[in-house]
Amino acid sequence: MKTTELTFQQIERAIRKIADKFPPSEEANVMTDIHFRVTQDTGELMAFDDNDEEINRCIIEEWIDNTDDNFFDEIPSIFRKCLDKMKDTIENMSILKPFSFVLENDEKESIAELYLVDDETVIIDPDLMQGLDEDLNDFLKKLLED
């Protein structure tokens, strides 16, 4: 799925609106996750708190009537790019740490943990880690042979 600049802008705008509801100057709210829920056929992106109360809602135009079978496999990396780009804004939200951004499908099933906000822990993008086990095994095998 090719992602346009408009899609990135729409997601970033949605994240900014969420962050605006938790300004850094306010006392931190107790919340463990912000849930993004995407509906593939309508392109609707909604954000919810832990109590399933809606925080924000928007439409991602490029996702309207998207019929890709691997839609939910591809969108986590799009969200991660946006969240990483807005790292300073997100990490200063008035929510007690640690908290995370989670992607869900329209049946409220968790698809991916997108971003963890914590002073001591970092989640590495799974795409970056693909093939690492094989590389380490090959390295160890060569090392033991020598």
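Residues numbered from 1 in each chain as written. Predicted model: local features only at pLDDT ≥ 70, side-chain atom pairs only at ≥ 80, totals over all residues. Heavy atoms only, no water.

A separate point is the packing of aromatic side chains. Applying the stated rule across the entire model yields six aromatic pairs. Residues Trp 63 and Phe 71 carry aromatic rings whose centres are separated by 5.5 Å and whose planes lie at 90° to one another, so their mutual orientation is edge-to-face. Residues Trp 63 and Phe 71 agree in their burial class; the two are buried. In this structure an aromatic cluster arises from ring pairing among Phe 36, Trp 63, Phe 71, Phe 72, Phe 79, Phe 99 and Phe 101. The ring of Phe 48 has Arg 37 lying over it, and the distance from NZ or CZ to the ring centre is 4.0 Å. (Phe/Tyr/Trp six-rings, centres within 6.5 Å; stacked < 30°, edge-to-face > 60°. Buried < 20%, exposed > 50% of the residue type's maximum accessible area, 1.4 Å probe, protein only. Lys NZ or Arg CZ within 6 Å of the ring centre and 35° of its normal.)

Time to look at the pattern of salt bridges. Summed over the entire model, instances satisfying the criterion amount to six salt bridges. Arg 37 is the salt-bridge partner of Glu 104, the closest N and O atoms lying 2.9 Å from each other. A residue pair is termed long-range when its members are at least 10 positions apart, and Glu 104 in strand 4 (residues 99-104) and Arg 37 in strand 1 (residues 33-39) qualify at 67 residues. The residues Glu 104 and Arg 37 share a single accessibility class, namely buried. Linking Arg 57 and Glu 54 is a salt bridge whose minimum nitrogen-to-oxygen distance equals 2.5 Å. For Glu 54, a relative accessible area of 40% gives the class partly exposed. Within the structure, one salt-bridge network assembled from shared partners comprises Arg 37, Asp 52, Glu 104 and Lys 108. (Salt bridge = Lys/Arg side-chain N within 4 Å of Asp/Glu carboxyl O. Helix = DSSP H or I, 4+ residues; strand = E, 2+ residues; numbered from the N terminus.)

Here Lys 97 and Pro 98 are connected by a cis peptide whose omega angle stands at 0°. In this structure, Pro 98 sits in the loop between helix 3 (87-91) and strand 4. Even without being glycine, Asp 52 reaches a positive phi, approximately 65°. Its location among the elements puts Asp 52 in the loop between strand 2 (44-48) and strand 3 (54-59). The phi dihedral of Lys 108 is positive, around 65°, even though this residue is not glycine. Topologically, Lys 108 is positioned in the loop between strand 4 and strand 5 (110-117).

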